[in-house]
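Topology and contacts: notes
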Amino acid sequence: MRDESSPLALRRWTGVYSDRSNVMRPILVLLTALGLTLAAGCKKSETTSVDGGAAGPGSTGRKLTIALMPKSKGNAYFVSCKQGADAAAKDLGVELIFDGPVNPDPAKQNEIVENWITLGVDVIAVACENKDGISTALRKARHAGIKVVTYDSDAAPDARDFFVNQATPEGIGTALMDEAARLCANEGEFAIITASLTAQNMIEWQKFIEARRAMKFSKMKMVALRPCDDLKDKAQAEATTLLSAYPNLKLIMAICSPAVPGAAEAVKQAGKSGKVKVIGLGLPNENRRYVKEGTTDTVILWKTTDLGYLTVLAAQALATGELKAGATSFNGGKLGEFKIAGDNILLGEPFKFTKDNIDQFDF
Amino acid sequence: MFGRKDTPATGALSLRRHETVLWVVLVLEVLFFQFAGRNFGTADNGANIVRHTVEIGLLALVMTPIILTGGIDLSVGSTLGLCAVLFGKLWRDAGLPLWLAGVLTLGNGALCGAFNATLITRLRLPPLIVTLGTFSLFRGLAESITHGVDAFTHFPESFLFLGLGRVAGLPTQAWILLGASVGIWLLVHRTTFGRCFRAIGFSPEGARYAGLPVERRLALAYVLAGVMAAVAALTYTARLGTAKADAGMGYELYAITAVVLGGTSIFGGVGSVSGTMLGVAAIAVLSNGLSRVPATMSNAAELSGLLTGGLLILALTASALSRGWGRRRLRGGRSEERVER
């Protein structure tokens, strides 16, 4: 060690260190950084359509720009939405920007939307992670003359023009219950594995599952409802417990996506493949193995590629003025005609992935 | 001793070099995005950059004195989350007027900081461990207050102005950031407090022998961090229009990245507030600019993480190389600092 620890040396070097130069350095730093970004020029902003909005793109011949945001970027579900969106962008000849959060920072979606506003896109389409937060930014976008569409999960109604609704809770609940009844020949015990007992969307689905059961399948009996915290391992453990606790169980219905392969694995390990049926809401890729070997019978979801395709289509129609508030149907090009309920564009009935068709899908 | 520490003379010198490197980086970034990006150099986008960075900027500012003392505060992001939730709770559920809820929130931030400070100075626990604990503790508190799902929203326009409005042409937050940076700069570079922070960073025992009030100065740094996290919680809530338990998640790491990029030694003793602000600006411009270049528009989020890491390594390498060069020159005995010793 040098003489640093002696008080005298300390005073000396702290003296040396105090910087007398550049009195207002941090202010300079800030102002220059700001100045650089501002002063460098507003000449480019002429091409922006921020204040010209819907009028601009078609007439000037500039390509329409649609910005599409997923809840999170690495999610296979949204990657497959993007495949559909890309296809639509190609068919329509529009420019598609796809960006979204890569980490759990809830402010990120807002930041991206705000950047898109100043970038001068024509339409913004968002799958909202944080409804209240994102609505603030989306209102700002609408205020700037940008059309706003939500898909997959909605924002506040006044923050967007249309919501592309992939499935109503009623549609999901009914499809699940009908499929369960079909596999059980309309009678017997079944159990549900859910993500958590408080998740709003799952509660909603259960309500419609129960309503459908009470109405049409009174010989079907729900014996248990277990949460798995959205974890595959926990779902597997719960399913194993269910199998031993209810020997007459005929079917397990998993209504959160990790629970479907979890339940299938439990049934398979118990040697009950085929005897106890497994169905649920999930992605084809996660369940392909179990579906093909016959442990899982049906995976229910919507065609995510269609969701992406329809979203871009609706976004474009909104920008060109073809789609207006109050419309009751929407021409989805090669996908056919879609119903509009209020300001919800409905994707339609859920889709059933089974042994016969699952290989046509990769997501 | 684990880290190689600079002597104050070489430290100050290498800092100045490091800041020059950062200036070059910043100017290059701005020029590049001005040419390659769409609508980058507009006033609105300038406002965007400031708005999106202000919380991390504030946290990085108060992280600077802490790292100068050789400490670290991993709990600032969680403190932000807790303060945001508490602010919402006080306003909506306790029915307090906004200004009072705001003041109490600042008080809560100070309490969080004081809690860290007490454990660090009284029990002499390492800051890394203490704040790692409160990192989970504060976030956990925020989550249990709201059960993880409750979100506070529908704040009045007068409050949202803080996050969305403009004062004299600049975003409201720009003034807050400006005020905070001048304040912290004065504290660190113009008062004996600042010297004391550096002295502690060089050698806590040395500082103690020199008769410096090490404990009180450390406490000041951590309490200040808590208060600033509360300020950031208010601007964050006003910007998003909502307060939820996940507010500010991961911000502590962004703040530390900016501080280290700004040339402050993680071992303490050497660093500057202007460097930190340069670090913040370099990261902010990069991540904003990437979302405006046609080629990177659709992978801006991934790239900005990747390039921030690259930038950090590049800037530190560049300044380490120039420091090595500077050392050699120092050894030659031509420098006045050398003569002084």
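Conventions and cut-offs
- Residues numbered from 1 in each chain as written.
- Chains lettered and ligands numbered in written order.
- Predicted model: local features only at pLDDT ≥ 70, side-chain atom pairs only at ≥ 80, totals over all residues.
- Helix = DSSP H or I, 4+ residues; strand = E, 2+ residues; numbered from the N terminus.
- Rg over C-alpha atoms; globule rule 2.2 N^0.38 Å.
- Buried ≥ 20, exposed ≤ 12 C-beta atoms within 10 Å, placed from the backbone.
- Contact = placed C-beta atoms within 7 Å.
- Axes fitted to C-alpha atoms, helices over the stretch in contact; angles between N-to-C directions.
- Parallel < 35°, antiparallel > 145°, perpendicular 65-115°, else oblique.
- Nonpolar A, V, L, I, M, F, W, Y, C, P; charged D, E, K, R; others polar.
- pLDDT = per-residue confidence, 0-100.
- Pairing = 2+ DSSP bridges.
- Left-handed = near helix turned anticlockwise from the far one by under 90°.
- Domains from an automatic or database assignment.
- Expected span 1.5 Å × (residues − 1).
- Bend = angle between axes of the 7 residues up to and from the residue.
- Core = buried A, V, L, I, M, F, W, Y, C linked by C-beta atoms within 7 Å.
- Right-handed = clockwise from strand over helix to strand, strands pointing away.

Turning next to the overall build of chain B. Broken down by element type, chain B carries 14 helices and 4 strands. Computed over the C-alpha atoms, the radius of gyration of chain B is 21 Å, within 12% of the 20 Å expected from 2.2 N^0.38 for a compact globule of 341 residues. Projected onto its principal axes, the C-alpha coordinates of chain B cover approximately 65 × 55 × 35 Å. Every one of the 341 residues in chain B was classed for burial, and the buried ones make up 56%. Contacts in chain B between residues far apart in sequence, at least 24 positions, make up 78% of those at least 6 positions apart.

Each helix and strand counted, chain A has 12 helices and 14 strands in total. Counting only residues that meet the buried cut, chain A has 50% of its 363 residues in that class. In chain A, of all internal contacts separated by at least 6 residues, the share reaching a separation of at least 24 is 72%.

Quick look at the packing of helix α6 (residues 157-164) of chain B against helix α10 (residues 214-240) of chain B now. Residue and element names in this part refer to chain B. Put simply, α6 and α10 touch, their axes get as near as 7 Å, and they point 105° apart. Overall, the two elements α6 and α10 adopt an arrangement that is roughly perpendicular. Residues F159, L160, L162, G163 and L164 of α6 lie in contact with α10, whose contacting residues are L234, T235, A238 and R239. Grouping the constituent residues of the contact of α6 with α10 by class yields 6 nonpolar, 2 polar and 1 charged.

Attention now goes to the confidence of the model for chain A. Residue and element names in this part refer to chain A. Summing up the model confidence of chain A, the mean pLDDT is 83 and the portion of residues at 70 or higher is 83%. No element of chain A has a lower mean pLDDT than helix α1 (residues 7-17), at 38, and none a higher one than strand β3 (residues 123-126), at 96. Across residues 37-60, confidence stays below pLDDT 50; counting only partners more than four residues off in sequence or on other chains, it has 43 contacts.

Within a sheet, neighbouring strands are paired by backbone hydrogen bonds and run either parallel or antiparallel to one another. Residues and elements named next belong to chain A. In spatial order, the strands read β7-β6-β8-β9-β10-β14; together these 6 strands make up an open sheet with mixed pairing. A single partner strand is all that each edge strand has here, and the edge strands are β7 (220-227) and β14 (351-353). Taken over all neighbouring pairs, the strand axes of this sheet differ in orientation by 20° on average, direction set aside. Pairing between strand β9 (residues 277-281) and strand β10 (residues 296-301): 4 bridges, direction parallel. In the sheet register, G280 faces β10, and the bridge partner there is V299. Where helix α10 (residues 259-269) meets the sheet, it contacts β6 (188-194), β8 (249-254), β9 and β10, and its direction lies at approximately 170° from that of β9.

The phi dihedral of A:D229 is positive, around 55°, even though this residue is not glycine. Residue placement: A:D229 occurs in the loop between β7 and α9 (232-245). The exposure class of A:D229 is partly exposed, given the 14 C-beta atoms found within 10 Å. We note that B:N39 has phi near 50°; this positive angle belongs to a residue other than glycine. By the element assignment, B:N39 lies in the loop between α1 (8-36) and α2 (43-68).

Residues and elements named next belong to chain A. It is the contact of helix α4 (residues 76-92) with helix α12 (residues 304-320), at a shortest axis distance of 6 Å, that shows an interaxial angle of 45°. With respect to each other, α4 and α12 are oriented oblique. The chirality of how α4 crosses α12 is right-handed. Residues Y77, S80, C81, K82, Q83, G84, A85, A87, A88, A89 and L92 of α4 lie in contact with α12, whose contacting residues are T304, T305, D306, L307, G308, Y309, T311, V312, L313 and Q316. Taken together, the residues of the contact of α4 with α12 break down into 11 nonpolar, 8 polar and 2 charged.

This part takes up the sheet that holds strand β1 (residues 65-69) of chain A. All names here are of chain A. Pairing is mixed in the open sheet, where 8 strands are placed in the order β2-β1-β3-β4-β5-β13-β12-β11. In this open sheet, the two strands that pair with only one neighbour each are β2 (95-98) and β11 (329-331). Strand-to-strand twist of the sheet, defined as the mean angle between neighbouring strand axes without regard to direction, takes the value 25°. Across 3 bridges, β11 lies against strand β12 (residues 337-341) in antiparallel orientation. Across the sheet, S329 pairs through a bridge with K339, a residue of β12. The sheet contacts of helix α5 (residues 108-119) involve β1 and β3, and relative to β3 the element is tilted by about 170°.

For the rest of this paragraph, the subject is the domain arrangement of chain A. Reports of interface size often rely on the accessible area that becomes lost once the parts have come together. Residues and elements named next belong to chain A. Domain boundaries assigned for chain A yield domain 1 (53-167 + 304-349) and domain 2 (169-301). Taken over C-alpha atoms, the centre of domain 1 sits 32 Å from the centre of domain 2. Contacts between domain 1 and domain 2 engage 4 residues on the former and 5 residues on the latter. Partitioning the side of domain 1 that touches domain 2 into residue classes produces 3 nonpolar, no polar and 1 charged.

Bringing α2(B) into the picture now. Residue and element names in this part refer to chain B. Here α2 spans 35 Å end to end across 26 residues, near enough to the 38 Å set by a 1.5 Å rise per residue. Helix geometry: α2 is bent most strongly at V54, by close to 50°. The buried fraction of α2 is high, at 24 of 26 residues. Count one or two residues on from α2 and you reach G70, which has phi positive near 85°.

What follows concerns the nonpolar core. Counting 202 residues, the largest nonpolar core has A:I66, A:I252, A:A263, A:A314 and B:L59 as the members making the most contacts within it. Counting the residues that make up this core, at least three belong to each of domain 1 (53-167 + 304-349) and domain 2 (169-301) of chain A. Discounting chain neighbours no more than four positions away, the residues touching A:I252 are A:A191, A:I193, A:A239, A:L242, A:A263, A:V267, A:V276 and A:V278.

If you check helix α6 (residues 131-143) of chain A, its first and last C-alpha atoms are 18 Å apart, about what 13 residues at 1.5 Å a residue would give, namely 18 Å. The set of residues buried in α6(A) consists of A:G133, A:I134, A:S135, A:T136, A:A137, A:L138 and A:A141. The inward-facing, buried residues of α6(A) abut α5, β3 and β4 (147-151) of chain A together with α10 and β4 (242-243) of chain B. Following α6(A) by one or two positions, A:G145 has its phi on the positive side, about 90°.

Turning our attention to the environment of A:N287. Residues and elements named next belong to chain A. By secondary structure assignment, the location of N287 is in helix α11 (residues 284-293). Taking the C-alpha atoms as reference, N287 lies 38 Å from A327; in sequence the two are 40 residues apart. Leave out the neighbours within four places in its chain, and N287 touches V260, P261, A264, G282, T296 and V299.

Right, let's talk about the pairing of β4(A) for a bit. Residues and elements named next belong to chain A. Of all 5 residues making up β4, 5 are buried, and the element is well covered by its neighbours. The alternating pattern of β4 places K147, V149 and Y151 and V148 and T150 on opposite faces, both of which are buried. Taken together, the 4 bridges between β3 and β4 define a ladder with parallel strand orientation. Its bridge partner being in β4, A125 is matched across the sheet by V149. Remark: the β3/α6/β4 crossover connection has right-handed handedness. As judged from the 3 bridges shared by β4 and strand β5 (residues 162-165), these two strands associate in the parallel manner. By the bridge assignment for β5, T150 is matched with F163.

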